[in-house]
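Reading the structure
Each chain, written out:
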Number of protein chains: 2
Amino acid sequence: MKIDPLLKQINPPPRLMMGPGPVNADPRVQRAMSADLLGQYDPAMTEYMNELMALYRVVFQTSNHWTFVIDGTSRAAIESSLVSLIEPGDKVLVPVFGRFGHLLTEIASRCGAEVISISKEWGQVFSPEEIAEALDKYQPKVLAICQGDTSTTMNQPLEAIGKLCAERGVLSYVDATASIGGNELLIGDWEIDICTAGLQKCLGGPSGSGPITISDKAAEHIQNRWHVEKGIEPAGFVPGKLSRIQSNYFDLAMVMAYWSPQRLNHHTEATSMLYCARECARCIVEEGLENVLARHTLGSKAMVAGLQVMGLKLFGNLDYKMSNVTGVYIPEVVDGEAVRRDMLHYFGVEIGTSFGPLHGKIWRIGAMGYNARKDAILRTLNALSSCLRLHGYKAPGDDPALAALEIFKQAEAAPAEIEISPVSKTS
Amino acid sequence: MKIDPLLKQINPPPRLMMGPGPVNADPRVQRAMSADLLGQYDPAMTEYMNELMALYRVVFQTSNHWTFVIDGTSRAAIESSLVSLIEPGDKVLVPVFGRFGHLLTEIASRCGAEVISISKEWGQVFSPEEIAEALDKYQPKVLAICQGDTSTTMNQPLEAIGKLCAERGVLSYVDATASIGGNELLIGDWEIDICTAGLQKCLGGPSGSGPITISDKAAEHIQNRWHVEKGIEPAGFVPGKLSRIQSNYFDLAMVMAYWSPQRLNHHTEATSMLYCARECARCIVEEGLENVLARHTLGSKAMVAGLQVMGLKLFGNLDYKMSNVTGVYIPEVVDGEAVRRDMLHYFGVEIGTSFGPLHGKIWRIGAMGYNARKDAILRTLNALSSCLRLHGYKAPGDDPALAALEIFKQAEAAPAEIEISPVSKTS
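Predicted, not measured: the structure shown is a model, and the values here were computed from it.

Some remarks on the domain arrangement of chain A
Residues and elements named next belong to chain A. Partitioning chain A into domains gives domain 1 (35-284) and domain 2 (289-417). Relative placement of domain 1 and domain 2: their C-alpha centres are 31 Å apart. Across the boundary between the two partners, domain 1 contributes 27 residues, which contact 22 residues of domain 2. Surface buried jointly by domain 1 and domain 2 totals about 2000 Å² across both partners, of which 68% is contributed by carbon and sulfur atoms. The largest contributions to the domain 1 side of the interface with domain 2 come from W122, T153 and I284, which together make up 27% of the buried area. Run the count over domain 1 and domain 2 and you get 0 salt bridges.

Observations concerning the interface of chain A and chain B
Across the contact, 85 residues belong to chain A and 85 residues belong to chain B. Inspection of the region where chain A meets chain B yields 4 salt bridges. A salt bridge links R110 of chain B to D251 of chain A, with the nearest nitrogen and oxygen atoms 2.6 Å apart. Applying the counting criterion to the chain A and chain B interface returns 44 residue pairs in polar contact (both at pLDDT 80 or more). Mapped onto the side of chain A that touches chain B, the elements with two or more residues apiece are α1 (27-33), α2 (43-60), α3 (74-85), α4 (99-110), α9 (271-287) and α11 (336-347) of chain A. Partitioning the side of chain A that touches chain B into residue classes produces 36 nonpolar, 27 polar and 22 charged.

Some thoughts on helix α13 (residues 400-413) of chain A
Residues and elements named next belong to chain A. The end-to-end C-alpha distance of α13, which contains 14 residues, comes to 20 Å, matching closely the 20 Å that a straight helix rising 1.5 Å per residue would cover. Of all the residues in α13, the buried ones are P400, A401, A403, A404, I407, F408 and A411. Structurally, α13 contributes buried residues whose contacts are with α10 (289-309) and α12 (374-390).

What to know about the UniProt feature "binding site: substrate" (unreviewed entry) in chain A
As annotated by UniProt and renumbered to match this structure, "binding site: substrate" (unreviewed entry) occupies R364 of chain A. Relative to the helices and strands, R364 of chain A is located in strand β13 (residues 362-366).

Observations concerning the environment of K137 of chain B
All names here are of chain B. Tracing the backbone through its elements, the reader meets K137 in helix α5 (residues 128-138). Assessed through its relative accessible area of 60%, K137 is described here as exposed. A polar contact is formed between the side chain of K137 and the side chain of Y138, at a distance of 3.4 Å.

Some points on a nonpolar patch on the surface
Residue and element names in this part refer to chain A. The grouping of Y346, F347 and L390 at the surface amounts to a nonpolar patch, some 330 Å² of accessible area in total. With respect to the helices, strands and loops of the structure, F347 is situated in helix α11. Note on F347: relative accessible area 33%, which makes it partly exposed.

With respect to the pattern of salt bridges
Under the defined criterion, the tally for this structure stands at 36 salt bridges over all chains. With its nearest N and O atoms 3.7 Å apart, the salt bridge here joins D193 of chain B to K217 of chain B. In this pair, D193 of chain B is assigned in the loop between β8 (171-175) and β9 (194-196) and K217 of chain B in helix α7 (residues 216-223), connecting sequence segments 24 residues apart. Owing to a relative accessible area of 5%, D193 of chain B belongs among the buried residues under this scheme. Look at the salt bridges and you will find they share partners, linking D26, R28, E279, R282 and E286 of chain A into a network.

Observations concerning the nonpolar core
Counting 216 residues, the largest nonpolar core has F68 and I214 of chain A together with F68 and I214 of chain B as the members making the most contacts within it. When sequence neighbours within four positions are dropped, the list of residues in contact with I214 of chain A reads N64, W66, F68, D193, I194, A219, I222, L252 and M256 of chain A.

Thoughts on the sheet that holds strand β9 (residues 194-196) of chain A
All names here are of chain A. Spatial strand order, β2-β10-β9-β8-β5-β3-β4: 7 strands in an open sheet with mixed pairing. Of all strands in the sheet, those bounded by a partner on one side alone are β2 (66-70) and β4 (114-119). On average, each strand axis in the sheet is tilted by 20° relative to the strand beside it, whichever way the strands run. Strand direction decides the pairing type here: strand β8 (residues 171-175) and β9, joined by 3 bridges, are parallel. Pairing of Y173 across the sheet is with I194, part of β9. Sitting on the sheet, α2 touches β2, β9 and β10 (210-214), and the angle it makes with β2 is about 100°.

About the criteria used
- Residues numbered from 1 in each chain as written.
- Chains lettered and ligands numbered in written order.
- Predicted model: local features only at pLDDT ≥ 70, side-chain atom pairs only at ≥ 80, totals over all residues.
- Heavy atoms only, no water.
- Domains from an automatic or database assignment.
- Contact = heavy atoms within 4.5 Å.
- Buried area = accessible area lost by both parts, 1.4 Å probe.
- Salt bridge = Lys/Arg side-chain N within 4 Å of Asp/Glu carboxyl O.
- Polar contact = N/O pair within 3.5 Å; in protein donor to acceptor, adjacent residues only side chain to side chain.
- Helix = DSSP H or I, 4+ residues; strand = E, 2+ residues; numbered from the N terminus.
- Nonpolar A, V, L, I, M, F, W, Y, C, P; charged D, E, K, R; others polar.
- Expected span 1.5 Å × (residues − 1).
- Buried < 20%, exposed > 50% of the residue type's maximum accessible area, 1.4 Å probe, protein only.
- UniProt positions renumbered as here; feature names shortened; annotations may be inferred.
- Patch = residues over 30% accessible without salt bridge, like charges linked within 9 Å, V, L, I, M, F, W, Y side chains within 5 Å.
- Areas by Shrake-Rupley, 256 points an atom, 1.4 Å probe, with all protein chains shown as cover.
- Core = buried A, V, L, I, M, F, W, Y, C linked by side-chain atoms within 4.5 Å.
- Pairing = 2+ DSSP bridges.
- Axes fitted to C-alpha atoms, helices over the stretch in contact; angles between N-to-C directions.

Right, here's the structure in full:
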């Protein structure tokens, strides 16, 4: 009997996703998504919305009241921030150190900004002095920057940058999609105005919900652009003094009203993804954010040790490497895409290719979220070792999985010695 | 031992959601969302994307190649359509017959359109002559209209309207969020250019993914606005002749490239919601779209019969009532919100309030998607009957659940006599 493939149940092949993200979701998160639905204004639903706000204050390390999720991917959360902050003609400074910096320039430009970008060679990050100089030179209204840019595996230090902006009255926006949960991020202490994230990297969920946190200062600016849509204006409604936001879906003033006790009707909350986002944060709070960060840091050390034993050269300035992803040069004797294909099809392990100037030069190998685990890292190293051998690369050293295991064993013997972030220089 | 509520598992109270949507998801859809994840460019993932395209061609009744999903709620799909069609200064005609018509004017206006709206009293729909006259008078570039507007429960006939637009070279956009799957919708035959939907009404899923279909003509217009973001331009890239789309996330030219064999990197597809959207369509194709429509029509007749037995008066022009939702006047002796609260808290059944001019006057009672079922309808009628009695309304007639059951029994005896759409005039 032949069954039309369209009528077959979803039945994905088993994959271990060890690229730069998305990665496998935590099984608890997958199960939470299957919970029964609730109406938008059901008291049980609004209580879950409030709990989600409290949970993400922990994840973002902030006391910002306006901490919630955007219904869309991490890119939706980025655009909602920029389109709500930026009025046409505003000057926006974007320090670009990888592909996702380019994305910020692109989105800011579509919002009508006069975009000024400064650049770093891929594999490096900006110093606070460079940022301060650019802020003083260009005097932007908004600074938009990535924390971790997976295209280069670099993690931009932000501690000084938030404060530099605050001192100058510049609104700061940070895209922490790829770094949050795996690298230290202190939104409150660092005085960052808006930060957005995604679930599909270190938070252990699928793509499709974008956590966001907004300072009171940024919220006030956005609320000055408050223009409720026709047909649902509340009684006594007075529009904001500033220009209307050019998107309805991404109008954070309206989205905040939806997440307030007023519950002003806007989109229909994506309930299953809300359950999912709540569960991602719940798992992190249960494990303890510090433990989650330490788990990623340890995973990075172990992965690096295994790659180095195979004689592979790491990419970029390792003082600033993200803990959750490692760039590694493809040995000249192998075809990088053929190795990736064989890892996927023979071993069920996915590693990442790369973009732009690094395309064909490096692989990006992640260990993040639910996959920042000993067994996942050992399996990845073994599969890579076998595929490299299959393609004619002769590794010089010992067993890479055992080299990584040694790092885990050392950490088990002396857990206090794992530094959270940045990882120490290892090559 | 006290557990922090933030650390508790998701455990929603059981609810039967019989409002205008969102409603309960089909359990098969809930389970599909828990399937393991895949990488964005994994061949198994892109195959699921292709299957989804084929499945939604059935749901939309079209052969349009460009049939896929937007990662966001139904409102995201609306905005992506309008912002990709409309260039600043374009004339857009919006016939408004309820709240969601206002939403279309609002979004079109934020896209920079010169918006012209024509209005109908809530509870009525437009005739083809009225639309033709407005098209000739205003000569818009785009016509944007709802099919079913749940705010009024009316279903706008579209058969003539798509053709009227096509004859005049006007691009037609239809928001079928609330009507698709429960009311006849023939995108191909009716020559509609873009139509968008949501999962949370008759398709039996949660909110969070927005199906969309785009005619070749509309796709060509959108592709003329093709401007790839900096950092990922393909070799030999030539930007489109028309203006760049003002949103990156909703840039359908880029989203189409992502859904093409080129797989140009854009957002990270929301994999779990993709599984979910695929399963919604799979269940419909398995049941047969005609059977799904007939199930909704029968549910409507049964619900109407039950409400009428209680002496309740129905809202609007019943020749054009959506099959999946019924507006019913709140009896003067009861407090409508108190009745709704008691139905939810004592009986676990949710029915809908209403917006704007109808607020406080009617309830909206749905039976759609997975909930367009005999047991769900009988339970709702019984719960409403009990709560009306509790609040002092004395129903004149017989048992409303038995009146509805009689309709189901008649249909079982003579199934061929159920007309699909519109429902016949019943009061």
